[in-house]
Amino acid sequence: QVQLVESGGGLVQAGGSLRLSCAASGSTYRFNELNLAWYRQAPGAQRESVATISSSRVINYADSVKGRFTISRDGAKNTAYLQMNSLKPEDTAVYYCNAVVRRNGYTFWGQGTHVTVSS
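Trainee: What's the story with the state of the cysteines in this structure? I'm lost.
Mentor: Note: disulfide means a covalent bond formed between the sulfur atoms of two cysteine side chains. One pass over the structure, following the stated rule, counts one disulfide. The disulfide bridge from C22 ends at C97, spanning 2.0 Å between sulfur atoms. The chirality of the disulfide connecting C22 with C97 is left-handed, given an S-S dihedral of about -80°. Residue C22 is found in strand β3 (residues 18–25), and its partner C97 is found in strand β9 (residues 93–101); the two are separated by 75 residues along the sequence. For the pair formed by C22 and C97, the shared burial category is buried.

Take a look at the structure:
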C-alpha cells in the first residue's frame, strides 16, 4: 500500500501562486518505484491529468498549465510537489496526488486538496 497526503491548497487571487505537496508513505513500495502525477477535478467536470513525473523524472504537462506549473519530486523526503504560478480562476479545482507502481501498475490516490482562485 501507498498512502498519499496532499497539502498546500487554499484560496488565492488570480495571478498568485501556490505550492502543493504530496507526502507518500508505506512499507510495500519504495518511493523511487512510483510514477507520480497531479490530477484535478473542477465542479461538474471530469478528473483530468495536470502533470506527471515518472520514476526516471520524465515530465509531462497538460497544455492548459504548461509554462505556469512545475512538478517535481524529492526522494529524500518521499514527497512530490506542484508549484503553481500565474493562477487563473479556471484552475479552481480539487487537486489529487496519484501514484502508480512502475512494476505492477497498482494505483493509489490521495484525498485531495482544494484550490480556489478568485478573479
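After that view, the rundown keeps rolling.
Trainee: Would you mind going over the pairing of strand β1 (residues 3–7) with me for this structure?
Mentor: Looking along a regular strand, one sees the side chains alternate between the two faces of the sheet. The alternating pattern of β1 places L4 and E6 on a buried face, while none of Q3, V5 and S7, on the opposite face, is buried. Strand direction decides the pairing type here: β1 and β3, joined by five bridges, are antiparallel. The residue bridging L4 from the neighbouring strand is A24, located in β3.

Trainee: Explain the sheet that holds strand β7 (residues 69–74) to me, please; I cannot follow it from the model alone.
Mentor: Within a sheet, each strand pairs with its neighbour through backbone hydrogen bonds, oriented either parallel or antiparallel. Spatially, β1-β3-β8-β7 is the arrangement adopted by the four strands of the open sheet, whose pairing is antiparallel. Single-partner strands in this sheet number two, and they are β1 and β7. Between one strand axis and the next, the sheet turns by 15° as a mean value, whatever way the strands run.

Trainee: When you look at unusual backbone geometry in this model, what are you seeing that I'm missing?
Mentor: Phi is mostly negative for residues that are not glycine, and the peptide bonds are mostly trans. In this model, R57 sits at a positive phi of 70°, which is unusual for a non-glycine residue. Positive phi, normally seen in glycine, also occurs at N78, with a value near 50°. By secondary structure assignment, the location of N78 is in the loop between β7 and β8 (79–84).

Trainee: Would you explain the side chain of E33 in this entry?
Mentor: For E33, the position within the fold is in the loop between β3 and β4 (34–41). Judged by relative accessible area, E33 falls into the buried class, the value being 6%. For E33, the side chain forms a polar contact with the main-chain nitrogen of R30, separated by 2.8 Å. Residues in contact with E33, not counting those within four places in the same chain, are S55, V100, V101, R102 and R103.

Trainee: Sorry, what's going on with the nonpolar core here?
Mentor: Inside soluble globular proteins, nonpolar side chains tend to come together where they are buried. Ranked by size, the top nonpolar core spans 31 residues in total, and within it W38, L82, M84 and Y95 carry the most contacts. Going through the elements one at a time, β3, β4, β5 (48–53), β7, β8, β9 and β11 (113–118) are the ones with two or more residues in this core. Those residues within four positions of Y95 in sequence are excluded, and the remaining contacts are E6, L20, W38, Y39, R40, V50, F69, L82, M84, G112, T113 and V115.

Trainee: Just to check I follow, could you spell out the packing of aromatic side chains for this structure?
Mentor: Centre distance and the angle of the planes are the two values used to describe a pair of aromatic rings. Under the defined criterion, the tally for this structure stands at three aromatic pairs. On the numbers, 4.9 Å between centres and 65° between planes, the contact of Y39 with W109 is edge-to-face. Taken together, the residues Y39 in strand β4 and W109 in strand β10 (residues 107–109) connect sequence positions 70 residues apart. Take Y39: its relative accessible area is 22%, and that puts it in the partly exposed class. Seen from their ring centres, Y96 and W109 are 6.5 Å apart, and the 85° between their planes marks the pair as edge-to-face.

Rules used in this analysis
Residues numbered from 1 in each chain as written. Predicted model: local features only at pLDDT ≥ 70, side-chain atom pairs only at ≥ 80, totals over all residues. Heavy atoms only, no water. Disulfide = S-S within 2.5 Å. Helix = DSSP H or I, 4+ residues; strand = E, 2+ residues; numbered from the N terminus. Buried < 20%, exposed > 50% of the residue type's maximum accessible area, 1.4 Å probe, protein only. Pairing = 2+ DSSP bridges. Axes fitted to C-alpha atoms, helices over the stretch in contact; angles between N-to-C directions. Polar contact = N/O pair within 3.5 Å; in protein donor to acceptor, adjacent residues only side chain to side chain. Contact = heavy atoms within 4.5 Å. Core = buried A, V, L, I, M, F, W, Y, C linked by side-chain atoms within 4.5 Å. Phe/Tyr/Trp six-rings, centres within 6.5 Å; stacked < 30°, edge-to-face > 60°.

Note that all results are geometric; they support no functional claim without further evidence.
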